[in-house]
Amino acid sequence: MNYTCPYCKHHSTITDPNEYYNWERIYIENSTSGNVGLAIHAVTCPNKDCNKLKLRTMLTRVNMVNGEEGIGIKEWNLMPESTAKILPDYVPTSVTEDYYEACKILNLSPKASATLSRRCLQGMIRDFHKVTKHTLNDEILALKDILDTDTWDSIDAVRRIGNIGAHMEKDVNVIVNVEPEEANLLIQLIEQLIEDWYVAREDKKVRAEKLRQVVQSVEEKKQTKNNLSVD
Ligand SMILES: [Zn+2]
């Protein structure tokens, strides 16, 4: 199984000792859920610097033909609690908090999740691009000439989808009905923009600092050499 660790983002192929799956039928009087069973899925990240546990559990129906695992009814992410990616410290706390919360309640309440995502998106635009307008839609439109084509196309594509587009016109705190897939798209857009904006800016800063240090050490060596030849 191909696996991307939700904690360290390490990509790997998971083999047996790092993965566990078990399903067990629950023998109990019929409830309104019918005949059910519980599955457990656990993965340990093979990256030695991480080794963190991902754990989820699924309630499923029992296949009445053979008494084995049937279709899923509900699933819970236990560790980590949501599918949110762990964001680096240099992303503003308000953005991080809205993003984590939006991921956490995605399945429970897509409309609450989408509301948080819209607020998060607005927070990012205001913080990163220093653009503040009356509505999120106006703020997005103001980015058209600032952003590279790929980033703009991603935002525009999500903006044009069904309900989301209409909601961008409203105050970000107004709760509006959306489908789970739409709420999920907003989360994916936020993840991409965090990479394109905050992570890319930080990487650039780190590379520039490394280069500055190399230049400094070359200069120092040169200086020492000059001093020696003067002596
Ligand atoms: Zn990991």
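The structure under discussion appears in the preceding block.
Scoring rules and cut-offs
Residues numbered from 1 in each chain as written. Predicted model: local features only at pLDDT ≥ 70, side-chain atom pairs only at ≥ 80, totals over all residues. Heavy atoms only, no water. 1 Å grid on protein atoms, 1.4 Å probe; cavity = no way out; pocket = protein on both sides within 12 Å on 5 of 7 lines; lining within 4 Å. Points joined across faces, edges and corners; volume = space filled by probe spheres on them. Helix = DSSP H or I, 4+ residues; strand = E, 2+ residues; numbered from the N terminus. Nonpolar A, V, L, I, M, F, W, Y, C, P; charged D, E, K, R; others polar. Donors = N, O, S within 2.8 Å, 3.2 Å for Na, K, Ca; no water. Tetrahedral: all angles 85-135°; square planar, octahedral: opposite > 155°, others 65-115°. Buried < 20%, exposed > 50% of the residue type's maximum accessible area, 1.4 Å probe, protein only. Patch = residues over 30% accessible without salt bridge, like charges linked within 9 Å, V, L, I, M, F, W, Y side chains within 5 Å. Areas by Shrake-Rupley, 256 points an atom, 1.4 Å probe, with all protein chains shown as cover. Salt bridge = Lys/Arg side-chain N within 4 Å of Asp/Glu carboxyl O. Phe/Tyr/Trp six-rings, centres within 6.5 Å; stacked < 30°, edge-to-face > 60°.

1. Here we look at the layout of surface pockets
And then number 1: One number sums up the size of the largest pocket: a volume of about 490 Å³.
And then number 2: Looking at the largest pocket, it is lined by 17 residues, and the ones nearest its centre are Asn77, Glu81, Cys103, Lys104 and Asn107.
And then number 3: Those elements that provide at least two residues to the lining of the largest pocket are strand S6 (68-79), helix H1 (93-104) and helix H6 (180-230).
And then number 4: For the lining of the largest pocket, the leading source of residues is S6, giving 5 residues.
And then number 5: In terms of residue class, the lining of the largest pocket is built from 6 nonpolar, 6 polar and 5 charged.
And then number 6: Here the second largest pocket is characterised by a volume of approximately 210 Å³.
And then number 7: Lining the second largest pocket are Thr4, Cys5, Pro6, Lys9, Lys54, Asn77, Met79, Pro80, Ser82, Thr83 and Lys85.
And then number 8: Of the residues belonging to the lining of the second largest pocket, the class tally is 4 nonpolar, 4 polar and 3 charged.

2. Some words on unusual backbone geometry
And then number 1: Omega for the peptide link from Met79 to Pro80 comes to -15°, which places this bond in the cis form.
And then number 2: Following the sequence through the fold, Pro80 ends up in the loop between S6 and H1.
And then number 3: Even without being glycine, Asn51 reaches a positive phi, approximately 55°.
And then number 4: Structurally, Asn51 can be placed in the loop between strand S4 (36-44) and strand S5 (53-63).
And then number 5: In the Ramachandran plot, Lys130 falls in the positive-phi region, its phi being about 55° despite a non-glycine side chain.

3. Structural notes on the coordination of the zinc ion
And then number 1: Every protein donor of the zinc ion is accounted for by Cys5 (SG), Cys8 (SG), Cys45 (SG) and Cys50 (SG), and the metal-donor separations fall at 2.3 to 2.4 Å.
And then number 2: Considering all 4 donor atoms around the zinc ion, the spread of angles at the metal, 105 to 113°, places the coordination shape in the tetrahedral class.
And then number 3: Donor residues binding the zinc ion come from one chain and are separated in sequence as C-x2-C-x36-C-x4-C. In this pair, Cys5 is assigned in the loop between strand S1 (2-4) and strand S2 (11-13) and Cys45 in the loop between S4 and S5, connecting sequence segments 40 residues apart. Like Cys45, Cys5 is buried.

4. Thoughts on a nonpolar patch on the surface
And then number 1: A cluster of nonpolar side chains, Ile26, Ile28, Leu38, Leu53, Trp76, Leu78 and Met79, forms an exposed patch at the surface whose accessible area comes to about 590 Å².
And then number 2: Note that Leu78 resides in strand S6.

5. Here's the deal with the packing of aromatic side chains
And then number 1: The tally for this structure, following the rule as stated, stands at 3 aromatic pairs.
And then number 2: When the ring of Tyr99 is compared with that of Tyr100, the centres are 5.8 Å apart and the planes differ by 45°; the resulting orientation is tilted.
And then number 3: In this structure Tyr100 comes out as partly exposed when scored by relative accessible area, which is 28%.
And then number 4: With centroids separated by 5.6 Å and ring planes inclined at 15°, the aromatic side chains of Phe128 and Trp197 adopt a geometry described as stacked. Placement of Phe128 in helix H2 (residues 110-129) and of Trp197 in helix H6 is noted, with a sequence separation of 69 residues between them. Like Phe128, the residue Trp197 is buried in the burial classification.
And then number 5: Taken together, the aromatic side chains of Phe128, Trp197 and Tyr198 make up a single cluster linked through ring pairs.

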